[in-house]
Amino acid sequence: MSQMLNTGVRWTTQDVELFAENEGTRYEIVDGELFMTRAPHFKHQQTCGKIFRQLDVWSESTGLGEAVINPGVLFSESDNVIPDVVWATKETLALTLDEKGHFTGAPDLVVEVLSESKSDERRDKEAKLKLYSSRGVKEYWIADWRSRKLEVYRREQSQLNLVATLFSNDNIISPLLPDFSCTVDQFFPV
């Protein structure tokens, strides 16, 4: 469940650092707009874990990069997000990880798992799509565990465009991930 705090204020990372620790609450800033998210549904988290596991096993076998769950991605003071899963090449990691372990540039692949609220869906399908597109993410997956569907956006002519909508029995492959293949169903809990 997400709530957008629209007060006419342009929020920054420094503003969020002043907030009291609030366990289970995640704050993200997209184009100066503050989004506050509570702990997601159990199946949302299972989906994140299953996607991470598929990417992690492939990464370990190829040595081409690393997958991680819920990393901090600090594009700027007014664009600070926590994607559900990301994957980056070793080269991208060397260029974009700061000393605190946050991305300061675009991971190669970003995955967001839809939550139940319409505001969360709008954030992932509109605000974050625009952000990831403008910041150079090469591929963006939006996973919907309720409908067992995966939307794949790929960089074409300097922006992310929807290239496939995949369902349970479809295979997911990517030019970013040579020889990676699994059925979409493997991303979702039973």
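The following refers to the structure shown. All figures in this text were calculated on a predicted structure; none of them were measured in a lab. (Residues numbered from 1 in each chain as written. Predicted model: local features only at pLDDT ≥ 70, side-chain atom pairs only at ≥ 80, totals over all residues. Heavy atoms only, no water.)

### Quick notes on the packing of aromatic side chains
Counted by the stated rule, this structure contains seven aromatic pairs. Here the aromatic rings of Tyr132 and Tyr140 are separated by 5.0 Å at their centres, their planes lie at 75°, and the arrangement is edge-to-face. A residue is classified by how much of its surface remains accessible, and Tyr140, at 0% relative accessible area, is buried. (Phe/Tyr/Trp six-rings, centres within 6.5 Å; stacked < 30°, edge-to-face > 60°. Buried < 20%, exposed > 50% of the residue type's maximum accessible area, 1.4 Å probe, protein only.)

### Let's talk about the pairing of strand 13 (residues 177-183)
One ladder, built from three bridges, connects strand 12 (residues 171-174) with strand 13; its direction is antiparallel. The residue bridging Ser174 from the neighbouring strand is Leu177, located in strand 13. Counting the residues between successive antiparallel strands, the hairpin from strand 12 to strand 13 contains two residues. (Pairing = 2+ DSSP bridges. Helix = DSSP H or I, 4+ residues; strand = E, 2+ residues; numbered from the N terminus.)

### Structural notes on unusual backbone geometry
Phi at Asn70 is positive, roughly 55°, even though this residue is not glycine. Inspection of the secondary structure assignment puts Asn70 in the loop between strand 4 (65-69) and strand 5 (73-76). Here the phi dihedral of Asp179 falls at roughly 65°; this positive angle occurs in a residue that is not glycine. Position of Asp179 relative to the elements: it lies in strand 13.

### Digging into the pairing of strand 8 (residues 109-113)
Taken residue by residue, a regular strand's side chains alternate between the two faces of the sheet. Among the five residues of strand 8, five are classified as buried, and the element is accordingly described as predominantly covered. By the alternation rule, side chains of strand 8 split into Leu109, Val111 and Val113 and Val110 and Glu112, which are all buried. Crossover handedness for the path strand 8 to helix 4 (residues 118-135) to strand 9 (residues 139-144): right-handed. (Right-handed = clockwise from strand over helix to strand, strands pointing away.)

### Here we look at the nonpolar core
Membership of the largest hydrophobic core comes to 23 residues, with the highest contact counts inside it found for Leu55, Trp141, Leu150, Ile172, Phe180 and Phe187. Secondary structure elements with two or more residues in this core: helix 2 (42-62), strand 7 (85-89), strand 8, strand 9, strand 10 (149-156) and strand 13. Per-element accounting of this core gives the leading share, four residues, to helix 2. Once you skip the residues sitting within four places of it in the chain, Leu150 turns out to touch Trp141, Ile142, Ala143, Ala164, Thr165, Leu166, Ile172, Val184 and Phe187. Val30, Phe103, Leu131 and Tyr153 belong to the second largest nonpolar core, which has 20 residues in total. (Core = buried A, V, L, I, M, F, W, Y, C linked by side-chain atoms within 4.5 Å. Contact = heavy atoms within 4.5 Å.)

### Considerations on the sheet that holds strand 11 (residues 159-167)
Read across the sheet, six strands follow the order 4-7-8-9-10-11 without closing on themselves; strand pairing throughout is mixed. Only two strands of the sheet have a single neighbouring strand rather than two, namely strand 4 and strand 11. Pairwise comparison of adjacent strand axes, ignoring direction, gives a mean angle of 15° for this sheet. Note that strand 7 and strand 8 share three bridges and pair antiparallel. Within strand 8, the residue paired with Val86 across the bridge is Val110. Docked against the sheet, helix 2 engages strand 4, strand 7, strand 8 and strand 9, running at close to 165° with respect to strand 4. In this fold helix 4 packs onto strand 8, strand 9, strand 10 and strand 11, with an angle of close to 165° to the strand it touches most, strand 9. (Axes fitted to C-alpha atoms, helices over the stretch in contact; angles between N-to-C directions.)

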